[in-house]
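Examining the three-dimensional arrangement
The lines below spell out each chain.
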Amino acid sequence: MGFRLPTIRRTSFSASQVASKCVEVPKGYLAVYVGEKQKRFVIPISYLNQPSFQDLLNQAEEEFGYDHPTGGLMIPCMEDAFLDLISGLNRQ
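Residues numbered from 1 in each chain as written. Predicted model: local features only at pLDDT ≥ 70, side-chain atom pairs only at ≥ 80, totals over all residues. Heavy atoms only, no water.

Quoted verbatim from the Sequence similarities (unreviewed entry) field of the UniProt record, the comment on the protein chain reads "Belongs to the ARG7 family." (UniProt positions renumbered as here; feature names shortened; annotations may be inferred.)

Here it is as structure tokens:
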């Protein structure tokens, strides 16, 4: 059960790109990077318990493994699809 979100191609990051994105995340939240431009979102960790978000995490593991050079979790889907998913989670 679950769904697949449109995936994107894997991108590489330089050390300066990673350093520029390192900003503190409030307690209880998680930084994720989404889309081809790796836009940063800070989301509540409570999303991790949601089945639809767990499907997304499984896709991230398949695509990137556990190596996330940005310091945050890279999500392999289009930004619009991710926004639709989290807006649905916000309504729950």
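1. Considerations on the overall build of the protein chain
Each helix and strand in the protein chain was counted, giving 3 helices and 3 strands. Going residue by residue from the N terminus, the α and β elements of the protein chain occur as α-β-β-α-β-α. Here the protein chain holds 92 residues, and the buried ones make up 38% of them. The long-range fraction of contacts in the protein chain, counting pairs at least 24 apart against all pairs at least 6 apart in sequence, stands at 60%. (Helix = DSSP H or I, 4+ residues; strand = E, 2+ residues; numbered from the N terminus. Buried < 20%, exposed > 50% of the residue type's maximum accessible area, 1.4 Å probe, protein only. Contact = heavy atoms within 4.5 Å.)

2. Re the pairing of strand 2 (residues 39–44)
As paired elements, strand 1 (residues 29–34) and strand 2 share 6 bridges and run antiparallel to each other. What sits directly across from Y29, in strand 2, is P44. The hairpin turn running from strand 1 into strand 2, its antiparallel successor, is 4 residues long, and G35 in that turn takes a positive phi close to 85°. (Pairing = 2+ DSSP bridges.)

3. Regarding the pairing of strand 1
Two strands pair when backbone bridges link them, and strand 1 and strand 3 (residues 73–75) are joined in this way by 3 bridges, in the parallel orientation. Within strand 3, the position partnered with Y33 by the bridge is M74.

4. Details of the nonpolar core
Among the nonpolar cores identified, the biggest contains 14 residues, and V32, V34, I43, F53, L56, I75 and F82 are the most heavily contacted of them. Put simply, the parts of the chain that give this core at least two residues each are strand 1, strand 2, helix 2 (51–64), strand 3 and helix 3 (79–91). Sorting elements by how many residues they give to this core places helix 3 first, with 4 residues. The contacts of F53, once residues within four sequence positions are left out, are I43, Y47, L48, F82, L85 and L89. (Core = buried A, V, L, I, M, F, W, Y, C linked by side-chain atoms within 4.5 Å.)

5. So, the environment of L85
Its location among the elements puts L85 in helix 3. Under the relative-accessibility criterion, L85 is labelled buried at 9%. For the pair formed by L85 and S52, sequence separation is 33 residues and the distance between their alpha carbons is 7.7 Å.

6. Thoughts on the sheet that holds strand 3
Ordered in space as 2-1-3, the 3 strands form an open sheet in which the pairing is mixed. Every interior strand has two partners, whereas the edge strands, strand 2 and strand 3, have only one. Going from strand to strand, the sheet's axes swing by 35° on average, the running direction of each strand aside. Sheet contacts for helix 2: strand 2 and strand 3; angle to strand 3, the most-contacted strand, approximately 100°. Lying on the sheet, helix 3 is in contact with strand 1, strand 2 and strand 3; it crosses strand 2 at an angle near 15°. (Axes fitted to C-alpha atoms, helices over the stretch in contact; angles between N-to-C directions.)

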